[in-house]
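Residue-level structural notes
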Amino acid sequence: MTENLRRITRALISVSDKAGLVDFARALASRGIELVSTGGTKSTLAEAGLKVLDVSDITGFPEMMDGRVKTLHPKVHGGLLAIRDNATHQSAMAAHGIRPIDLLVVNLYPFEATVAKGADYETCIENIDIGGPAMIRAASKNHADVAVIVEAEDYTPLLAELNTHNGATTLALRKRLAAKAYGRTAAYDAAISNWFAATLAGPAPTYRTIGGRLAEALRYGENPHQSAAFYRTGEPRSGVATARQAQGKQLSYNNINDTDAAYECVAEFDPKRTAACAIIKHANPCGGAEGASLLDAYRKALACDPVSAFGGIVAVNRTLDAEAARAITEIFTEVIIAPDATEEAIKIIGAKKNLRLLIAGGLPDPRAQGLLVKSVAGGLLVSSRDNAVVDDMDLKVVTRRAPTSTERRDLAFAFRVAKHVKSNTIVYAKNLATVGIGAGQMSRIDSARIAARKAQDAAQAAGAKEPATKGSVVASDAFFPFADGLLVAIEAGATAVIQPGGSVRDDEVIKAADEHDIAMVFTGTRHFRH
């Protein structure tokens, strides 16, 4: 509506990101808009030949305290907050020599980037912006009269409005910009508060806020009737959020969720030690393996459950090569994620238009700290990431027979995978490959039975004489509450077991293992995953 148009006559610009700044400011100046600025921004504009007023000339005070105090002044905030159609506000402006500021352009000190670089405490503190958020909030509150920009990507739409409306902005644009500005300051404050919480090592800060920046709007959510979007939090963790999509159509909500699960799983395997592959379906591994090469690992992982692997996600822990790429493309796969890929591999995958290839640039550290967040009705559940790694656990042999070196190797492998399977979890493994996985059942005995049946089905499909669970080891993400689940595993052919222990019936379970000459180790660490 034309009565909501507001002409811009004066702009205050103070940015840490100078991308596109000079061209934008020159376009404003060409319309006769007066430019006011601070510090480095003013120097950049002046060096480009633009006439720019220093904010100190407005306030009558110099920048002081190492730049901490420069815009916190009534002549700045009065110019942003004054309601143009309010006679009392206009009278106050006239009485105190306050001129209106119609456009605020501010992006904040790079606090998140400073933390991500591993800066020391004092440097992080100095990169907490005070004046910027205060001005942004003031201008956003008064969006009926003032436009506010917090990112360079909004320079173009604002200039387009000025061209369309003869130097004025619409209320619709100012509302959108204000909403974005408040989101930016909220995410900024969230990053600061979470950094403080981590620094203080407090397990439960009084307030917990999670912030993120829109990566992309998604076609729909978990189901087609649900809306969804993907946000990046700024956490420096390699994965879906850091990945470059080299091939394929847009990822879906479920693709992103499943790919994250796949990459976190395969990251458990040190690429310096071994090649590894994880195949994921509905956020659960349906196959995983170590191998002499990625091709070897993929073939072994696929053999675990080739039916479920159809339409799944494949994650590898080394640079994807052509040999592995050809094998993966032999069946329908939704997404491949790898730390890197050769040009030949990218070309091979490029021939499959519906297959997405993500190059993450690195592997996430399974030992790194972090937060997991889940929503519940009216609240959030926040916990630290499960960063326990089997290599760091003191495995306790609790049976008469200790595992052989081969069994111990496979037990560690199985427990790595079990960490990433939905509870209740049972994983059979043999020769550093999963051979049967039971996930997400209400009872552990059902998971054991399902995993064994999966192995039988795979053996039948492959024409094998017996399922690969014969001579395998078995991992359980939590203790066996009764011996029955263990007995199912023994019947399936398992010869050794790894589990956390801690049940009131541990003695009963250990006795059953001893009676069948089964080796069992306790980890003392549970890996529930819901």
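The text that follows walks through the structure, step by step, so that each part is easy to find. Small disclaimer: the values here were computed from a predicted structure and weren't measured.

Right, let's talk about a nonpolar patch on the surface for a bit. Residues I210, L371, V373, L380 and V382 make up a contiguous nonpolar surface patch of about 370 Å² in total accessible area. Contributions of two or more residues to the nonpolar patch are made by β16 (371–376) and β17 (379–384). Following the sequence through the fold, I210 ends up in the loop between α10 (171–200) and β8 (213–217).

Let's shift gears to the nonpolar core. Counting 46 residues, the largest nonpolar core has L28, L80, L103, L104 and L158 as its most contacted members. Per-element accounting of this core gives the leading share, six residues, to α10. Apart from residues no more than four positions distant in its own chain, L28 is found in contact with A11, I13, I33, L35, L103, L158, L159 and L162. Residues A243, A278, M393 and A519 belong to the second largest nonpolar core, which totals 44 residues.

Read from one edge of the open sheet, six strands run β10-β15-β14-β13-β11-β12, paired in mixed fashion. Every interior strand has two partners, whereas the edge strands, β10 (244–247) and β12 (284–291), have only one. Averaged over all pairs of adjacent strands, the angle between strand axes in this sheet comes to 20°, irrespective of strand direction. Pairing of strand β11 (residues 275–281) with β12, which is carried by seven bridges, proceeds in the antiparallel orientation. Bridge pairing in β12 links A276 to E290. The sheet contacts of helix α12 (residues 294–304) involve β11, β12 and β13 (312–316), and relative to β12 the element is tilted by about 140°.

Within the secondary structure, E407 sits in helix α16 (residues 405–418). Its relative accessible area of 11% is what places E407 among the buried residues. Within polar-contact distance, the side chain of E407 engages the backbone nitrogen of T404 at 2.9 Å.

Another aspect to go through is the sheet that holds strand β19 (residues 426–429). Sheet architecture is open: six strands sit in the order β18-β23-β22-β21-β19-β20, paired in mixed fashion. Strand pairing shows two members of the sheet lacking a second neighbour, β18 (396–397) and β20 (434–438), which therefore form its edges. Contacts from helix α18 (residues 483–492) reach β19, β21 (473–476), β22 (496–499) and β23 (519–522) within the one sheet, and its direction differs from that of β19 by about 25°.

Moving on to the packing of α18 against helix α19 (residues 506–515). Interaxial distance between α18 and α19 falls to 9 Å at its minimum, and their mutual angle equals 20°. Comparing the axis directions of α18 and α19 gives the class roughly parallel. Crossing handedness for the pair α18 and α19: right-handed. Residues A483, L486, L487 and I490 of α18 touch α19, and the partners they reach there are E508, V509, A512 and A513. In terms of residue class, the contact of α18 with α19 is built from seven nonpolar, no polar and one charged.

Moving on, we get to the pattern of salt bridges. What the rule picks out here adds up to 29 salt bridges. Residue R401 pairs with E407 through a salt bridge whose shortest N-O separation is 3.0 Å. Where R444 meets D477, a salt bridge forms, and the shortest distance between an N and an O atom there is 2.5 Å. Of this pair, R444 sits in helix α17 (residues 444–462) while D477 sits in the loop between β21 and α18, and the two are 33 residues apart along the sequence. As far as burial versus exposure is concerned, R444 and D477 are alike and both buried. Residues joined by salt bridges that share partners form a network here, namely E151, E153, D154, K180 and R213.

Moving on to the environment of R7. Within the fold, R7 resides in strand β1 (residues 6–7). Between the alpha carbons of R7 and T169 there is a distance of 6.4 Å; along the sequence they are 162 residues apart. Ignoring sequence-local partners within four residues, the contact set of R7 consists of D102, N166, G167 and A168. In terms of polar contacts, R7 uses its side chain to reach the backbone carbonyl oxygen of N166, at 2.5 Å.

Criteria and cut-off values
Residues numbered from 1 in each chain as written. Predicted model: local features only at pLDDT ≥ 70, side-chain atom pairs only at ≥ 80, totals over all residues. Heavy atoms only, no water. Patch = residues over 30% accessible without salt bridge, like charges linked within 9 Å, V, L, I, M, F, W, Y side chains within 5 Å. Areas by Shrake-Rupley, 256 points an atom, 1.4 Å probe, with all protein chains shown as cover. Salt bridge = Lys/Arg side-chain N within 4 Å of Asp/Glu carboxyl O. Helix = DSSP H or I, 4+ residues; strand = E, 2+ residues; numbered from the N terminus. Core = buried A, V, L, I, M, F, W, Y, C linked by side-chain atoms within 4.5 Å. Buried < 20%, exposed > 50% of the residue type's maximum accessible area, 1.4 Å probe, protein only. Contact = heavy atoms within 4.5 Å. Pairing = 2+ DSSP bridges. Axes fitted to C-alpha atoms, helices over the stretch in contact; angles between N-to-C directions. Polar contact = N/O pair within 3.5 Å; in protein donor to acceptor, adjacent residues only side chain to side chain. Parallel < 35°, antiparallel > 145°, perpendicular 65-115°, else oblique. Left-handed = near helix turned anticlockwise from the far one by under 90°. Nonpolar A, V, L, I, M, F, W, Y, C, P; charged D, E, K, R; others polar.

The analysis is restricted to geometry; functional conclusions fall outside its scope.
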